[in-house]
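These are the residues of each chain, in order.
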Amino acid sequence: RYLVNAAKPAAEVVIEAADQTVPVETGKLEGGLDYQTRFSDGDGTTLTVNIGPSKAGFYGMFDEFGTQHQPAQHWLGRAFESCQDKCLSVFATELLVRLADMEQKK
């Protein structure tokens, strides 16, 4: 729970950046971005955060990766590249704040 709560604000940073680069001709994709968190290994120590279009905007992956008839636009990849330092900074700050809270509760 500690890692997931710290990851939420960091994921929001990426979603805000992605809203700026989302292809406008796709319609509802702007504002239709979401994230999911899951622990990906057996001992519950590796947190994976998947960020991208919600199920209603599945077609956003076609813009990101391209199709046989449409070149890839890599809008989500560019968004992450533009904000990765801020995302990591927010994540680290959230971890430190939560760690300080845990120390005070002792």
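Remember, it's a predicted structure, so these values are computed and weren't measured experimentally.

S.K.: Run through helix 1 (residues 2-21), naming residues and quoting values.
M.R.: In this model helix 1 runs 30 Å from its N-terminal to its C-terminal C-alpha over 20 residues, within 8% of the 28 Å that 1.5 Å per residue would give. Approximately 30° is the largest bend angle found in helix 1, and it occurs at Lys-8, with the proline Pro-9 only one to four residues beyond. Residues of helix 1 that are buried: Val-4, Ala-6, Ala-7, Ala-10, Ala-11, Val-13, Val-14, Ile-15, Ala-17 and Ala-18.

S.K.: Account for the environment of Tyr-35, with residues named and values stated.
M.R.: Among the secondary structure elements, Tyr-35 is positioned in strand 1 (residues 33-39). Taking the C-alpha atoms as reference points, Tyr-35 and Phe-58, separated by 23 residues in sequence, lie 13 Å from one another. Not counting residues within four places of it along the chain, the set of residues in contact with Tyr-35 comprises Lys-8, Ala-11, Glu-12, Ile-15, Val-49, Asn-50 and Ile-51.

S.K.: Hey, could you go over the confidence of the model for the chain for me, with residue numbers and the actual values?
M.R.: Within the chain, residue pLDDT values average 84, and 92% of them lie at 70 or more. Taking the mean pLDDT of every element in the chain, the minimum, 78, falls on helix 2 (residues 60-65) and the maximum, 91, on helix 3 (residues 75-104).

S.K.: Residue-level account of the packing of helix 1 against helix 3, with values.
M.R.: Closest axis-to-axis distance for the helix 1/helix 3 pair is 7 Å, and the angle between their directions is 155°. Classified by the interaxial angle, the pair formed by helix 1 and helix 3 is roughly antiparallel. Between helix 1 and helix 3 lies a crossing whose hand is right-handed. The residue makeup of the contact of helix 1 with helix 3, split by class, is 21 nonpolar, 3 polar and 4 charged.

S.K.: So what about the pattern of salt bridges? Which residues, and what values?
M.R.: The tally for this structure, following the rule as stated, stands at 1 salt bridge. Note that Arg-98 is salt-bridged to Glu-94, the shortest N-O span being 3.2 Å. A residue pair is termed a helical-turn pair when its members lie 3 or 4 positions apart in one helix, as Arg-98 and Glu-94 do in helix 3 at 4 residues.

About the cut-offs
- Residues numbered from 1 in each chain as written.
- Predicted model: local features only at pLDDT ≥ 70, side-chain atom pairs only at ≥ 80, totals over all residues.
- Heavy atoms only, no water.
- Helix = DSSP H or I, 4+ residues; strand = E, 2+ residues; numbered from the N terminus.
- Expected span 1.5 Å × (residues − 1).
- Bend = angle between axes of the 7 residues up to and from the residue.
- Buried < 20%, exposed > 50% of the residue type's maximum accessible area, 1.4 Å probe, protein only.
- Contact = heavy atoms within 4.5 Å.
- pLDDT = per-residue confidence, 0-100.
- Axes fitted to C-alpha atoms, helices over the stretch in contact; angles between N-to-C directions.
- Parallel < 35°, antiparallel > 145°, perpendicular 65-115°, else oblique.
- Left-handed = near helix turned anticlockwise from the far one by under 90°.
- Nonpolar A, V, L, I, M, F, W, Y, C, P; charged D, E, K, R; others polar.
- Salt bridge = Lys/Arg side-chain N within 4 Å of Asp/Glu carboxyl O.

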